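For reference, the chains in residue letters:
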Amino acid sequence: MPGHASLHEKVIAALSRCQERQAVDFKESAAWEDLKLRVIKTLMGMGNLRDGGIIVIGVSERGSTWELTGISAAHLATFDVDTIIGQVNAYASLHLDVDVVTVRLENGQTYLAIQAREFADSPIVCKKNAVIKQQVETKVLLEEGAVYIRPPGVPRTSKVMDAQQMHDLLELAAEKRARRI
């Protein structure tokens, strides 16, 4: 499919640059259940970006460098497209368009890419809480009512925290509505 060819090219470019940025995030190889909540949060933030973004699974951070390790076959087997889309949209208000593809490099390494497309009409809002249990405490990873973004300059996902971030997001939504009218 043409859309997947474009996503494949984005993944190759991200791997060749090997640098996280606002629209590109890397995750180390792990099973879906271990990555699920972090991936969902990142996808919601990317869904609120102009042109969306991609997560590439199979890249490990070692200090200040990235290592292209690929995703293991055992971990890859835990990623079911229908499950991913269903679980992402169980947390995202409105529908978040998600594409999932595997990319095999010439060296034989395989990577999994998950793309969040830019929201259709209104920004993506988290519709339910999700907590993770750590050694001694529990941490709220997804918060009902939160709007997640990927702020410029720092490759991370955070809640909208100030008026300028909200303004930028609402401006994108207004542009979309103006084009439709």
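Please refer to the structure higher up on the page.
A. Looking closely at the pairing of strand E5 (residues 98-104). A large share of E5 lies buried, amounting to five of its seven residues. Once E5 ends, the chain turns through five residues before running back antiparallel as strand E6 (residues 110-116), passing Gly-108 with a positive phi of about 95°.

B. Expanded view of the nonpolar core. Counting 39 residues, the largest nonpolar core has Leu-43, Met-44, Ile-57, Phe-79, Leu-96, Ile-114 and Leu-142 as the members making the most contacts within it. If one sorts the elements of this core by residue count, helix H2 (residues 32-47) sits on top with eight residues. Among residues more than four places away in sequence, those in contact with Ile-114 are Val-39, Leu-43, Gly-53, Ile-54, Ile-55, Ile-57, Ile-84, Val-98, Asp-99 and Val-100. Counting 14 residues, the second largest nonpolar core, distinct from the first, contains Ala-14, Phe-26, Ile-54 and Leu-105.

C. View of the pattern of salt bridges. Tallying each qualifying case throughout the model produces ten salt bridges. Across the salt bridge formed by Glu-33 and Lys-36, the nearest N and O atoms sit 3.3 Å from each other. With Glu-33 and Lys-36 both in helix H2 and three residues apart, the pair spans about one turn of that helix. Since its relative accessible area comes to 53%, Glu-33 is described here as exposed. Across the pair Arg-117 and Asp-99 runs a salt bridge, and its minimum N-O distance is 2.7 Å. Linking Arg-117 in the loop between E6 and strand E7 (130-133) with Asp-99 in strand E5, this pair joins segments that are 18 residues apart in sequence. A network of salt bridges, in which partner residues are shared, links Asp-25, Lys-27 and Arg-150.

D. Molecular detail of the packing of H2 against helix H4 (residues 81-91). Relative orientation of the contacting elements H2 and H4 amounts to 55°, with a least axis distance of 10 Å. It follows that H2 is oblique to H4 by the angle criterion. Of the two elements, H2 crosses H4, and the hand of that crossing is right-handed. Within the contact between the two elements, H2 uses Trp-32, Glu-33, Lys-36, Leu-37, Ile-40, Leu-43 and Met-44 and H4 uses Thr-83, Ile-84, Gln-87, Val-88 and Tyr-91. Class assignment of the residues belonging to the contact of H2 with H4 gives a composition of eight nonpolar, two polar and two charged.

What counts and how
- Residues numbered from 1 in each chain as written.
- Predicted model: local features only at pLDDT ≥ 70, side-chain atom pairs only at ≥ 80, totals over all residues.
- Heavy atoms only, no water.
- Buried < 20%, exposed > 50% of the residue type's maximum accessible area, 1.4 Å probe, protein only.
- Helix = DSSP H or I, 4+ residues; strand = E, 2+ residues; numbered from the N terminus.
- Pairing = 2+ DSSP bridges.
- Core = buried A, V, L, I, M, F, W, Y, C linked by side-chain atoms within 4.5 Å.
- Contact = heavy atoms within 4.5 Å.
- Salt bridge = Lys/Arg side-chain N within 4 Å of Asp/Glu carboxyl O.
- Axes fitted to C-alpha atoms, helices over the stretch in contact; angles between N-to-C directions.
- Parallel < 35°, antiparallel > 145°, perpendicular 65-115°, else oblique.
- Left-handed = near helix turned anticlockwise from the far one by under 90°.
- Nonpolar A, V, L, I, M, F, W, Y, C, P; charged D, E, K, R; others polar.

Geometric values such as these leave the question of function open.
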